[in-house]
Amino acid sequence: MPTFIIDNKKITADKGTTILKAALDNGIKIPHFCYHEKLSIDGCCRMCLVEVEKMPKLTIACNTHVADDMVVHTHSPKVMKARAGVMEFQLINHPLDCPVCDQAGECRLQEYCFDYGVPHSRFREEKRKKRKRFSIGEHIVFDEERCILCRRCVRFCREVSKTGEVAVFNRGDRSYIGIYSGRGLNNKYSLCTTDICPVGALTSKDFRFKVRVWFLTETESICPECSNGCNIKICVRNNKIYRYLPRQNDNVNDTWMCNQGRLSYKNVHSDDRLTQPLIRSGDKQVPVKWDEALAIIAKGFKGRDGKVDGSHIGGIGSPHSTNEEGFLFRRFMRDAIGTNNIDFAVIKGYKDDMLIKEEKAANPGGAKDMTLWPSNGGHGISDMIGGISTGDVKILYIIGRDLMELEKSEKILDSLGNLDFLVVQDTHVSDLSRKADVVLPSATFAEKDGTFTNINGIVQRIRKAVDPPGDSLPDWEIISRLSKVMGYPMEYNSPEEIMDEIAKEIPAYKDVNYKGIGNQGFKVNSS
Amino acid sequence: MAIGIVKVKRNVKMTFWERSYIPEVLRGIAITSRHFFINLVGFIPAILFGKERKIFTVYYPEERVKYPDAYRGRPILVLGDDGVEKCVACGLCERICPAFCISIQPAETELDKERYPETFTIDQSRCIVCGFCEEVCPKEAILMSQDTEIADYDRKKMLYRKEDLLVAEKDLRMRQAYVRGAFARWNY
Ligand code: SF4
Ligand code: SF4
Ligand code: SF4
Ligand code: SF4
Ligand code: FES
C-alpha cells in the first residue's frame, strides 16, 4: 500500500490506484473531463495534469499510479498555467452557447472555465463549424460543436451497455463523434450518456429546455420500475418532477439506470391519478371525504350479522408499496380482519444481465419478506379469484392494479363483479378501480417515505419529493386510519416507527433502522 | 477646503412701510397669484405655438418629463428587429431577481436561437426595479424602460405576460446604448 503526499496531505492508497482516484477519494479536487470512475481510462482530455516532484514534465493524474514517497502538487503555479492552457485549447472551437445550452449549470467546461480558465479569448481566427442540434437516437439530441471529444460516450457504449454504436470518426480537429451507419444511440441505457457527457453535446430530448437545472432540488430515492432498485435522485421544482438522475451505489447500479426507469417520472403527474376517495352510487363513483369512505368500508367488511368474518375476506397487497406498508397491510388483514387470505401479484417482463430485472415493481422482495402471502391454509390469488364464484370469498381489499396484468385479466375482472364488496386502493384509475365499491387514492413512491428491499435483499430508503395530489395519502396512513375505524388502532407518526416495529417482529430485519440504511442501503438475508 | 460656519447677517430692521404689514401681505399675495395664473394658462403658448416654455410645472398626465437614460422603470422585453423576441429563456434573470418576480417557461424553437420563452411573466407588484435582470441578461433581451405607471386596482392585473412586456427594439436604442456603455466598463 503506497503512501504518498498530495498537496501536503499524507495519503495511503491501494497499489495500482491512480493519483486522480486517490485524490478524489480524499476530497482533493482535480479537474477532469474524460476520466469516469466506472469507465476505462482514456487520458485524452489532459485536464487532469498535475505536478509530480522529480518527474520531468507534468503528468496526467487519471493514468498515473501512485507510488511510495511520491509528492504531488495539484494546484502549483505550473499546474495552474498548464490547466489554463488546456482550457484555452478546449475553448478554441467551442461555441458561445451557454445561454441556450441545456447543460449550463451542470457543465464541467463552464465550471472549470470559472475556476481555471482565462477570461479572454486570444483566438481571432474563424471557429470551426460543425453540425448542431440533430437527433442521434430516440431519446438523444447531439450538438457536434459542443463536444469536447472526451470519448466517455464511446467508452460507455462499448464497456457498459456493450452495444458499441458510438465511435470517433475522422482525425485531428475534424474528428467527431458519430454513430455507425444504420444504427442509432438507442440502447436501453442510452440516456446515461447524457449524464456522463461533461458538456452539452448529448442532451436528453425529454428533459431539454423544460427547466434550468439550478432551479431543481434533488431528493434521494429509489427507481420504482423494477426490482433492481437503482438509486436515483428525484429532481423537483415547484412540486413537479422534471427528471430522475441515477445516483451512485456500487452494490446496486454503479452510476447507471435504464431509460425506462428514468422516464417513468411521468407516471407521478399523469392525468389519471386518483385524487379523492370514491364510493359507488349506482353505476357511478362519486367523490367523498375520507371519513365517509372509511366508515363505508368498515361497514362493508361486516357481514349481515354485524360481525367481521375473516374467512370470506381476502387481501391482495402490492409490490409497489413500501416494506412498512406491506407490514401494516399484513397485520391489518391478519389481526384486524382475521384472515390468512393474503397475497400479491407482480408483473413480469423484459430483463437483461445488466440492471433491468424481470419483476416490474420496486418491492416484490420486501412484500415477500413482510409475508404478504397465504399462510396457515389461507388462499392465494388464484384461489381467491376462484373462490368468488363458489361464494367462498365475498369481500376483497386490493392495493394496486398489478392483478390486471396477469393472464386472464378479463376473466378476473368479470368474477370481481360477483363480490359483495370490493375495495381498491391505488394511485391511478384503472379497470380495476372502476369495478370497486370504494376507491382509496394513494400516494406514489415519490410522495412518501419508506423502504424498498431490492432483488438482492438490500433495504433502501425512498424519500418524499413532492406532495401527493388532492386528498390522496400514503398507503401506510390509509391502512392505519382504516384500522382505527375498524377498532384495531395501529397508529404511527412516520414509516420510521413502523420500521422499528418490523425490526422487532421479522428476524431478517432485526438490525434494520433508518439511520443504518443511510443512502447506500442495508443488506438483509431475505427469504 | 476647510469647513467653517458662516454667520448670515439678517437685516431685521424694517422700514415703516414694511412694518405697516398690510401692503407687504398684499404684495406677497400678488406674487403667489401671478404664479398661479401663469401656471394655469402658461402652458398654452408652449403647446399651441411651440414657444419656449417658461415654467417648470409639468401638466401631468398630459405632459410628461423625459427621464434620463439611466432611469429604471419597469423592465420590458426586447422584440428584435426581425420580429422575434431576443430572449432565449436562459433563466439567468429568473435566477438573479431578488424579488423572485420573473417566471419563465422555456421551450424549443426551430429558429437558430434554439430556445425561446414560451411564457415569460413578471409580477410587477413585486418587482423592485433593481435592474439586475437587465444587467445579467446575456442577450440584451430585457431592458429597464421609462414606464413608471404600473399601479392598478387588482394585483392579478400586475402580472405582465410576454405579450405585455414586448417592446420593439427600435424604440429602445437609447437604453441599449446606455446599457452597452455602462456595462462595458466592467468587462463581463
Ligand atoms: S457545453 Fe457547457 S460551456 Fe459549452 S455551451 Fe454548453 S454550457 Fe456552455
Ligand atoms: S459527446 Fe459528450 S461524452 Fe461523447 S465525446 Fe463528446 S463530450 Fe464526450
Ligand atoms: S428589476 Fe429587479 S426585481 Fe424587477 S424583475 Fe428585474 S431583477 Fe426582478
Ligand atoms: S436573462 Fe435575458 S435571455 Fe435570459 S431569460 Fe432573462 S431576458 Fe431571457
Ligand atoms: S481526465 Fe485525465 S486526461 Fe482526461
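A quick note: this is a predicted structure, and the numbers were derived from the prediction, not measured. Numbers given for residues are sequential positions, taken from 1 along each chain in its written order. By the order in which they are written, chains take letters starting at A while ligands take numbers starting at 1. Reporting of local features is limited, given that this is a predicted model, to residues whose pLDDT is at least 70; pairs of side-chain atoms are given and counted only at 80 or more, and all residues count toward the totals for whole chains, interfaces and linings. Calculation of side-chain values draws on the structure's entire complement of heavy atoms; hydrogens and water are dropped beforehand.

1. Notes on the domain arrangement of chain A
All names here are of chain A. The cut-off we apply is this: Start and end positions for the domains come from either an automated domain assignment or a database one. Throughout, a contact is declared for two residues whenever any of their heavy atoms are within 4.5 Å. A 1.4 Å probe defines the accessible area here, and the buried area is the portion of it lost by two parts on being joined, summed over both.
Domain boundaries assigned for chain A yield domain 1 (3-90), domain 2 (125-267) and domain 3 (278-523). Using only C-alpha atoms to locate each centre, domain 1 and domain 2 end up separated by 26 Å. Across the boundary between the two partners, domain 1 contributes 13 residues, which contact 16 residues of domain 2. When domain 1 packs against domain 2, the two sides together hide about 1200 Å² of surface, and 52% of this comes from carbon and sulfur.

2. Thoughts on the sheet that holds strand 22 (residues 458-462) of chain A
Strand pairing in a sheet takes place through backbone hydrogen bonds and is either antiparallel or parallel in direction. All names here are of chain A. Selection criterion: Think of it this way: DSSP has to see at least two bridges between two strands before they count as a pair. Put simply, DSSP marks the helices as runs of H or I at least four residues long and the strands as runs of E at least two long, and each gets a number from the N terminus on. For helices, the fitted line uses only the C-alpha atoms of the stretch in contact; every axis is such a line through C-alpha atoms, and the angle between N-to-C directions lies from 0 to 180 degrees.
In space, the 3 strands of this open sheet follow the order 21-22-23, with antiparallel pairing throughout. Edge positions in the sheet fall to strand 21 (450-453) and strand 23 (522-523), since each of these pairs with one other strand and no more. Note: strand 22 against strand 23, 2 bridges, orientation antiparallel. Counted as the bridge partner of Ile458 is Lys523 from strand 23. Along the sheet face, helix 8 (residues 323-337) touches strand 21 and strand 22 and points at about 95° away from the line of strand 21.

3. As for a nonpolar patch on the surface
All names here are of chain B. Stated precisely, the cut-off is as follows: Each patch is assembled from residues with relative accessible area greater than 30% and no salt bridge, linking like charges that lie within 9 Å and nonpolar side chains (Val, Leu, Ile, Met, Phe, Trp, Tyr) that lie within 5 Å. Shrake-Rupley sampling with a 1.4 Å probe provides the accessible areas, and residues are treated as covered by the protein chains on show and by no other component. Should a side-chain nitrogen of Lys or Arg be within 4 Å of a carboxyl oxygen of Asp or Glu, the pair is scored as a salt bridge.
On the surface, a nonpolar cluster with roughly 830 Å² of combined accessible area is contributed by Phe36, Phe37, Leu40, Val41, Ile44, Ile47, Leu48 and Phe49. With 4 residues, the top contributor of residues to the nonpolar patch is helix 2 (residues 22-41). Tracing the chain through its elements places Phe49 in the loop between helix 3 (43-48) and strand 1 (75-79).

4. Comments concerning the interface of chain B and chain A
By a widespread convention, an interface's size corresponds to the accessible area lost as its parts come together. Defined as follows: Any N or O atom pair separated by 3.5 Å or less is treated as a polar contact, with the protein-specific requirement of one donor-capable and one acceptor-capable atom, and with residues adjacent in sequence counted only for side-chain atom pairs. Each residue is assigned to one class: nonpolar for Ala, Val, Leu, Ile, Met, Phe, Trp, Tyr, Cys and Pro, charged for Asp, Glu, Lys and Arg, and polar for all the others, Gly among them.
Listed as interface residues are 20 residues of chain B and, on the opposing side, 15 residues of chain A. For chain B, the biggest contributors to the area lost against chain A are Glu108(B), Glu114(B) and Arg115(B); these three give 41% of the whole. Between chain B and chain A we count 6 salt bridges in total. Put simply, Arg133(A) and Glu108(B) hold a salt bridge, and the shortest N to O gap is 3.0 Å. Taken together, chain B and chain A are joined by 9 residue pairs in polar contact (both at pLDDT 80 or more). Contributions of two or more residues to the side of chain B that touches chain A are made by helix 4 (92-96) and strand 2 (102-108) of chain B. No other element matches strand 2 of chain B, which puts 4 residues into the side of chain B that touches chain A. In terms of residue class, the side of chain B that touches chain A is made up of 8 nonpolar, 4 polar and 8 charged.

5. Considerations on the site of ligand 4
What counts here: Working definition: residue near molecule or strand if any one of its non-hydrogen atoms lies within 4 Å of it.
Contacts to ligand 4 come from Cys87(B), Val88(B), Ala89(B), Cys90(B), Gly91(B), Cys93(B), Ile104(B), Phe120(B), Cys137(B), Pro138(B), Ala141(B) and Ile142(B). For the shell around ligand 4, the class distribution of residues is 11 nonpolar, 1 polar and no charged.

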